[in-house]
Amino acid sequence: MNKDAKIYIAGHRGMVGSAIKRKLEQEGFHNFALRTSSELDLRNQNAVADFFAEEKPDYVILAAAKVGGINANNIYRGEFLYDNLMIQNNIIHQSYLNKVKKLLFLGSSCIYPKMAPQPLKEEYLLTGTLEPTNEPYAIAKIAGIKMCEAYRSQYGCNFISAMPTNLYGPNDNYDLQNSHVLPALLRKFHEAKLDNKPFVEVWGSGTPKREFLHVDDLADACYYLMLNYNESELVNVGTGVDVTIRELAETIKEITEFKGELKFDSSKPDGTPRKLMDVSKLESVGWKYSISLKDGIESVYSELDWSNIIERTLQ
């Protein structure tokens, strides 16, 4: 990748896209083709075609998606399927038509079957039933993987796919109704500490196990893959280490210095019992994570502007 190459990051203001942009800027890249969602509706086929015809990017990183936690995935099932399919179909197809040199499609660990063996290997894709609560989102992401594979096979496009594990970091979503578990817990514990509450309620039983990757590590992995990986098969991106939701809550309780108790609401869904990535493929091509979970959460918590976050989510 030449440092003057034009790079389109779809979703550059989101948690993942902004981290990738920061990483590329650190590496000396400066020629970005960027549009906000208000400037370019990625679900609009004609608008995306016009954008690609105008900008002619050399490289594309597809980090745009409609995302949310268990609750949002389960409620807005039609939106999650339609919006994500339209976004990725338009970008992948226009990347082919406009002769993009390389495209990186970012998916999610939810593509794997609910009861797949652990840790999750790339070859477990499409070997069983998906977790029902986020099935529409997973189906869209699976379609994106297969579209990249198909365009590589039919048209010779260098389109690759990476599946990150659960992410956290700067520019995360802290809305308690539709955020993921780690940012939701960070906000719950922070507010409980401020209000001197006697306990914090945690959704589910606390027994499911999850793996978490700092988004700056993901950005580093994406850059590495853009430079070094050119295969059709998807590749997992994670730490290969997981914790229970209870252990996560206890870590966040310690970091936020909350003195109350933990209460688990078993009436709320647990989701998949365990989602641990097998990252041996990525490690074999030369990349490994560097930010530990505790260090990462401490860094995120220390840098958050809580007044701004609470004001935004109340709007």
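On a predicted model such as this, the values are computed, not experimentally measured, just so you know.

Novice: Even after reading the chapter, I still don't get the packing of aromatic side chains, so can you show me in this structure?
Specialist: The geometry of an aromatic ring pair comes down to the distance between the two centres and the angle between the two planes. According to the stated counting rule, one finds 9 aromatic pairs in the structure shown. Relative to Phe258, the ring of Phe189 has its centre 5.6 Å away and its plane inclined at 75°; by these criteria the two rings are edge-to-face. Of this pair, Phe189 sits in helix H6 (residues 181–194) while Phe258 is found in the loop between helix H8 (245–256) and strand E12 (261–265), placing the two residues 69 residues apart along the sequence. Every member of this aromatic cluster is reached through a ring pair, and the members are Tyr8, Phe51 and Phe52. Lying over the aromatic face of Phe29, Lys3 brings its terminal NZ or CZ to 5.5 Å of the ring centre.

Novice: What is the right way to look at the sheet that holds strand E8 (residues 209–210) in this model?
Specialist: Strand-to-strand pairing in sheets goes through backbone hydrogen bonds, with the strands running parallel or antiparallel. Sheet architecture is open: 3 strands sit in the order E11-E8-E13, paired in mixed fashion. Edge positions in the sheet fall to strand E11 (243–244) and strand E13 (274–275), since each of these pairs with one other strand and no more. One ladder, built from 2 bridges, connects E8 with E13; its direction is parallel. Bridge pairing in E13 places Lys209 opposite Arg274.

Novice: Looking at this structure, how should I read empty space enclosed by the protein?
Specialist: Scanning the entire structure with this criterion turns up 1 cavity of 30 Å³ or more. In this structure, the largest cavity encloses a volume near 40 Å³. In terms of lining residues, the largest cavity is bounded by Cys110, Tyr112, Pro113, Lys114, Glu131, Asn134, Thr272 and Lys275. Looking at side-chain class alone, the lining of the largest cavity contains 3 nonpolar, 2 polar and 3 charged residues.

Novice: Explanation requested: the environment of Val300 in the structure shown.
Specialist: Summarising the element assignment, Val300 is placed in helix H10 (residues 293–303). The exposure class of Val300 is buried, given its relative accessible area of 6%. Other than its neighbours up to four places away in sequence, Val300 contacts Tyr168, Gly169, Tyr174, Leu186 and His214.

Novice: Before we go on, may I ask you to explain the environment of Ile255 in this structure?
Specialist: For Ile255, the location among the structural elements is in helix H8. Judged by its relative accessible area of 13%, Ile255 falls in the buried class. Distance from Ile255 to Ala33, taken between C-alpha atoms, is 38 Å for residues 222 residues apart in sequence.

Novice: Any chance you could explain the sheet that holds strand E1 (residues 7–10) here in plain terms?
Specialist: Strand order across the open sheet formed by 6 strands is E2-E1-E3-E4-E5-E10, with parallel pairing between neighbours. The open sheet has two edge strands, strand E2 (32–33) and strand E10 (235–237), and neither has a second partner. Alignment of strand E5 (residues 159–164) against E10, held across 3 bridges, turns out to be parallel. Note that in E10 the partner of Met163 across the bridge is Asn236. In this fold helix H4 (residues 77–97) packs onto E1, strand E3 (59–62), strand E4 (102–106) and E5, with an angle of close to 170° to the strand it touches most, E3.

Novice: When you look at the packing of H4 against helix H5 (residues 135–155) in this model, what are you seeing that I'm missing?
Specialist: Two measures define how a pair of helices packs: the angle their axes make with one another and the distance between the axes. Running from N to C, H4 and H5 point in directions that differ by 15°, and their axes come no closer than 8 Å. On the basis of their axis angle, the class for H4 and H5 is roughly parallel. Crossing of H4 over H5 shows right-handed handedness. Residue-level inspection shows Arg77, Phe80, Leu81, Asn84, Leu85, Gln88, Asn89, Ile92, His93 and Tyr96 of H4 in contact with H5, the latter providing Glu135, Pro136, Tyr137, Ile139, Ala140, Lys141, Ala143, Gly144, Met147, Cys148, Tyr151 and Tyr155. Among the residues making up the contact of H4 with H5, the classes are represented as 14 nonpolar, 5 polar and 3 charged.

What counts and how
- Residues numbered from 1 in each chain as written.
- Predicted model: local features only at pLDDT ≥ 70, side-chain atom pairs only at ≥ 80, totals over all residues.
- Heavy atoms only, no water.
- Phe/Tyr/Trp six-rings, centres within 6.5 Å; stacked < 30°, edge-to-face > 60°.
- Helix = DSSP H or I, 4+ residues; strand = E, 2+ residues; numbered from the N terminus.
- Lys NZ or Arg CZ within 6 Å of the ring centre and 35° of its normal.
- Pairing = 2+ DSSP bridges.
- 1 Å grid on protein atoms, 1.4 Å probe; cavity = no way out; pocket = protein on both sides within 12 Å on 5 of 7 lines; lining within 4 Å.
- Points joined across faces, edges and corners; volume = space filled by probe spheres on them.
- Nonpolar A, V, L, I, M, F, W, Y, C, P; charged D, E, K, R; others polar.
- Buried < 20%, exposed > 50% of the residue type's maximum accessible area, 1.4 Å probe, protein only.
- Contact = heavy atoms within 4.5 Å.
- Axes fitted to C-alpha atoms, helices over the stretch in contact; angles between N-to-C directions.
- Parallel < 35°, antiparallel > 145°, perpendicular 65-115°, else oblique.
- Left-handed = near helix turned anticlockwise from the far one by under 90°.

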